[in-house]
Amino acid sequence: MHELSIANALVDQVCLEAKNAGAARVAEINVRMGALSGISRALYFCFPSAARGTACEGAILSIESVPLTVLCTHCDAVKTPAALYNFRCPDCGWPTPKVLTGREMQLVSLRLVDETRERCSRPQASPDPIQGAVR
Amino acid sequence: MCGACGCQPSIGTGQSPQEGFRRVPNDMVLIERDILSKNDRFARENRARLSAAGIFAVNLISSPGSGKTTLLVETMKALKASVSLGVIEGDQQTSLDADRIRATGVSAVQINTGTGCHLDAHMVGHALDDLSLDNGSILFIENVGNLVCPASFDLGEARKVALLSVTEGDDKPLKYPDVFAAASLMVLTKVDLLPHVRFDTGDCIANARAINPNIEVLEVSAQSGAGMAEWTHWLTTSARRSAAEAELATHA
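Parameters and conventions
Residues numbered from 1 in each chain as written. Chains lettered and ligands numbered in written order. Predicted model: local features only at pLDDT ≥ 70, side-chain atom pairs only at ≥ 80, totals over all residues. Helix = DSSP H or I, 4+ residues; strand = E, 2+ residues; numbered from the N terminus. Contact = placed C-beta atoms within 7 Å. Core = buried A, V, L, I, M, F, W, Y, C linked by C-beta atoms within 7 Å. Buried ≥ 20, exposed ≤ 12 C-beta atoms within 10 Å, placed from the backbone. Pairing = 2+ DSSP bridges. Axes fitted to C-alpha atoms, helices over the stretch in contact; angles between N-to-C directions. Expected span 1.5 Å × (residues − 1). Parallel < 35°, antiparallel > 145°, perpendicular 65-115°, else oblique. pLDDT = per-residue confidence, 0-100. Right-handed = clockwise from strand over helix to strand, strands pointing away.

A.B. asks: Explain the overall build of chain A to me, using residue names and the numbers behind them.
C.D. replies: Assigned secondary structure in chain A consists of 3 helices and 6 strands. Each helix and strand of chain A, ordered N terminal to C terminal, gives the series α-β-α-β-β-β-β-β-α. Taking as baseline every contact in chain A between residues at least 6 positions apart, the subset at least 24 positions apart corresponds to 70%.

A.B. asks: Please provide a residue-by-residue account of the nonpolar core, values included.
C.D. replies: For soluble globular proteins, nonpolar side chains are generally found buried alongside one another. Val 124, Ile 141 and Ala 162 of chain B are the most contacted members of the largest nonpolar core, which has 66 residues in total. Those residues within four positions of Ile 141 of chain B in sequence are excluded, and the remaining contacts are Ala 57, Val 58, Asn 59, Leu 60, Ile 88, Leu 119, Val 124, Leu 155 and Glu 157 of chain B. Residues Ala 18, Leu 110 and Leu 112 of chain A together with Leu 36 of chain B belong to the second largest nonpolar core, which totals 35 residues.

A.B. asks: Quick one: what's the story with the environment of Asn 212 of chain B, residue by residue and with numbers?
C.D. replies: Tracing the sequence through the fold places Asn 212 of chain B in the loop between helix 9 (201–211) and strand 8 (216–219). We classify Asn 212 of chain B as buried; it has 22 C-beta atoms within 10 Å. In sequence terms Asn 212 of chain B and Phe 180 of chain B are 32 residues apart; their C-alpha atoms lie 6.6 Å from each other. Leave out the neighbours within four places in its chain, and Asn 212 of chain B touches Pro 97 of chain A together with Phe 180, Ala 181 and Ala 183 of chain B.

A.B. asks: Quick rundown of the sheet that holds strand 1 (residues 25–34) of chain A? Include the residues and the values.
C.D. replies: One open sheet accounts for 4 strands, arranged 2(A)-1(A)-6(A)-1(B); its pairing is mixed. The outermost strands of the open sheet, each flanked by one partner alone, are strand 2 (60–66) of chain A together with strand 1 (28–34) of chain B. Geometrically, the sheet is characterised by an average inter-axis angle of 20° between neighbouring strands, direction not taken into account. Direction of pairing for strand 1 of chain A relative to strand 6 (residues 105–113) of chain A: antiparallel, over a ladder of 8 bridges. When the sheet's bridge partners are listed, Glu 28 of chain A is paired in strand 6 of chain A with Arg 111 of chain A. Against the sheet, helix 1 (residues 2–20) of chain A engages strand 1 and strand 6 of chain A together with strand 1 of chain B, with an angle of about 45° to strand 6 of chain A.

A.B. asks: An account of the sheet that holds strand 4 (residues 77–79) of chain A is requested, with residue identities and associated values reported.
C.D. replies: All names here are of chain A. In space, the 3 strands of this open sheet follow the order 4-3-5, with antiparallel pairing throughout. Of all the strands in the sheet, the pair left with one neighbour each is strand 4 and strand 5 (99–101). Between one strand axis and the next, the sheet turns by 40° as a mean value, whatever way the strands run. As paired strands, strand 3 (residues 69–72) and strand 4 are joined by 3 bridges and run antiparallel to one another. Following the sheet pairing, Val 70 is matched in strand 4 by Lys 79.

A.B. asks: Please provide a residue-by-residue account of helix 10 (residues 228–251) of chain B, values included.
C.D. replies: All names here are of chain B. Counted at 1.5 Å a residue, the expected span for helix 10 with its 24 residues is 34 Å, and the 35 Å between its end C-alpha atoms agrees. When we look at burial in helix 10, the residues that qualify are Trp 231, Trp 234, Leu 235, Ala 239 and Ser 242. Its buried side turned inward, helix 10 meets strand 2 (56–61), helix 4 (68–79), strand 5 (138–142), strand 7 (185–189) and strand 8.

A.B. asks: Give me the lowdown on unusual backbone geometry, citing residues and values where you can.
C.D. replies: Residue and element names in this part refer to chain B. Even without a glycine there, the phi angle at Glu 32 is positive, about 50°. Mapped onto the elements, Glu 32 comes out in strand 1. In this structure Glu 32 comes out as exposed when scored by C-beta crowding, with 9 C-beta atoms within 10 Å. For Lys 190, which is not glycine, the phi torsion reads 60° and is therefore positive. By secondary structure assignment, the location of Lys 190 is in the loop between strand 7 and helix 9.

A.B. asks: Requested: an account of the packing of helix 4 of chain B against helix 10 of chain B, with residues and values cited.
C.D. replies: Residues and elements named next belong to chain B. Packing of helix 4 against helix 10 leaves a shortest axis separation of 11 Å and a crossing angle of 75°. Regarding the angle of helix 4 to helix 10, the classification is roughly perpendicular. Between helix 4 and helix 10, the residues in contact are Glu 74, Thr 75, Ala 78 and Leu 79 and Met 228, Trp 231 and Thr 232, respectively.

A.B. asks: A description of the confidence of the model for chain B should follow, citing residues and the corresponding values.
C.D. replies: Residues and elements named next belong to chain B. The predicted model of chain B averages 89 in pLDDT, with 89% of residues at 70 or higher. Confidence over residues 1–25 falls short of pLDDT 50; this stretch has 38 contacts with residues more than four positions distant or in other chains. Predicted complex, confidence summary: ipTM 0.75, pTM 0.82.

A.B. asks: Break down the pairing of strand 2 of chain A for me, with residues and values.
C.D. replies: Residue and element names in this part refer to chain A. In this structure, strand 1 lies alongside strand 2, joined through 7 bridges in parallel fashion. Bridge assignment links Val 31 to a residue of strand 2, and that residue is Ile 63. Running through helix 2 (residues 40–51), the crossover from strand 1 to the neighbouring parallel element strand 2 is right-handed.

Have a look at this one:
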């Protein structure tokens, strides 16, 4: 369920960037998701609903997957665990709680489109729903 | 499959990137910011506010029905004479949990998330406005019963605690690893039921430590009182340690 919260957070952040840049629409959104976030597919699924009625509507979402890597302090080297959540060095078996990559949930870049100026907020985020209805 | 769920962008959005857009030169903007940065900003504000007020906050995460509220009610009874306490309750609906806490004489604020499956830092910030807690207090934030989503949302707490009841199965840490990876402590609850269920405590702890080698473990029954002294001791010592860490951080 929280993938919808994350999709909404992404859309809000992108809309703010677009607004600050004076862009009316967003053509492409590139994000980076670590293997441990585990929601790439769910984010693709939720994104169109979260984007509806905003400057992100119709934008192409591209997700770059980042593999899990950990630091083994025993081998003093970067390692890839045998499985997700197996936080042990695959070579020496030492616990490796320090995750170097794999937890990312990051907005990387945007391709903005300077069409006509439009409002860039989500309809349901309107501070005054009654005013919104009258309009 | 992918066409149906939309996970392949060229199919899911139904148009090519150029369609309907006038491309402008140099229109690629580099951002590189966490998607949950807004939540994280609220969480940092909460953490600074709690630290400045001398309040130790614990975020309790578990499945529904693992005994979070029952453990809290017994914790209130055990600690309220010696420590100032407060509770923020998160549930989709009702104020039943906050009512149970208030019945012990401790103040509680109920957050109803509606369709939401987790608390976020913004909700907790507003709940803090409604609680007046003394310096040296312990604040319990009982998250929405859910072993998945709450792990992703920092609330500004000092410690995350994962609860797991022995009726749920000793393989839970492997199946829902995020929460156990993020928690400082795993509390095994309802241990009075151990004679009646197939639950291997040793296996469960090994599973949790495979996910998080540093996780501490306590075995507790709020019903019988077993392990309650260790749990309240963990709370008071962690509160002192957290205050010392905050002190060091301000001088660093």
